[in-house]
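# Structural characterization, general
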Protein chains: 2
Amino acid sequence: MGEEFKHLVLVKFKEGAAVEEILKGMENLVSEVEAVKSFEWGQEMEGPEMLTQGFTHAFLMTFENKEAHTAFVGHPKHVEFSATFSAAIDKIVVLDFPAIRAKPPLPA
Amino acid sequence: MGEEFKHLVLVKFKEGAAVEEILKGMENLVSEVEAVKSFEWGQEMEGPEMLTQGFTHAFLMTFENKEAHTAFVGHPKHVEFSATFSAAIDKIVVLDFPAIRAKPPLPA
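Cut-off values and rules
- Residues numbered from 1 in each chain as written.
- Chains lettered and ligands numbered in written order.
- Predicted model: local features only at pLDDT ≥ 70, side-chain atom pairs only at ≥ 80, totals over all residues.
- Heavy atoms only, no water.
- UniProt positions renumbered as here; feature names shortened; annotations may be inferred.
- Helix = DSSP H or I, 4+ residues; strand = E, 2+ residues; numbered from the N terminus.
- Buried < 20%, exposed > 50% of the residue type's maximum accessible area, 1.4 Å probe, protein only.
- Contact = heavy atoms within 4.5 Å.
- Areas by Shrake-Rupley, 256 points an atom, 1.4 Å probe, with all protein chains shown as cover.
- Axes fitted to C-alpha atoms, helices over the stretch in contact; angles between N-to-C directions.
- Parallel < 35°, antiparallel > 145°, perpendicular 65-115°, else oblique.
- Nonpolar A, V, L, I, M, F, W, Y, C, P; charged D, E, K, R; others polar.

In the nomenclature of an unreviewed UniProt entry, chain A is known as Stress-response A/B barrel domain-containing protein of Cucumis sativus. Recorded in UniProt under Subunit (unreviewed entry), the annotation for chain A is "Homodimer."

Okay, structure coming up:
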């Protein structure tokens, strides 16, 4: 088993953004694009601004390896979705990285 | 199976911070505190500032449920580690949220 690759996105949506629609679009996207191995997301609306910095949603996609992530980024459905997504966000952080699993340890 | 709970931390370390030491401290922490079900982290140093906003590390802890997360936050080892950690960071985002898994779907 190779090193998994993560695509992590934190956003704060614009006031009045069609968030439900966008979430649905994202779920469709990841279910349609085979390169995405798993997808989890969540929403926090309660944390103190000092810690959340105003971000409300986290999206985490996992890929088998970096190549699968690259394929996803260039996939026409992703490119199309990104345009809609970008228009709806106030601020964003994106981190792409090989995942190191420290607990539980990976089987040898 | 209940709803898993995530503790997501993004940081930019201070110039000259003892990052290796801190990473080791975090791995010790999560291995010692039983409430932490799994722990993954990663580092991105290549992404464009426009996307990373200067953040370089992502830490993701998973808990069986919100109660386990609360127990972790109040755990003496976590409190102790947090002091060291806080002193080493330039900026941080923390999001705590129930995880929604959209792919693969959870077994019914």
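## Side note on the overall build of chain A
Counting its regular elements, chain A contains four helices and five strands. With the principal axes as the frame, chain A shows a C-alpha extent of 45 × 35 × 15 Å. Across the 108 residues of chain A, 47% fall into the buried class. A separation of at least 24 residues holds for 78% of the contacts in chain A among residues at least 6 apart in sequence. For chain A, the exposed surface amounts to about 5,800 Å²; the carbon and sulfur share of it is 55%.

## Focus on the packing of helix H3 (residues 66–74) of chain A against helix H4 (residues 76–88) of chain A
Residue and element names in this part refer to chain A. Viewed as axis vectors pointing N to C, H3 and H4 meet at an angle of 60 degrees, and their least axial separation amounts to 5 Å. The pairing of H3 with H4 is recorded here as oblique in orientation. Contact residues: H3 offers Phe-72, Val-73 and Gly-74, while H4 offers Pro-76, His-78 and Val-79. Of the residues in the contact of H3 with H4, the class split is four nonpolar, two polar and no charged.

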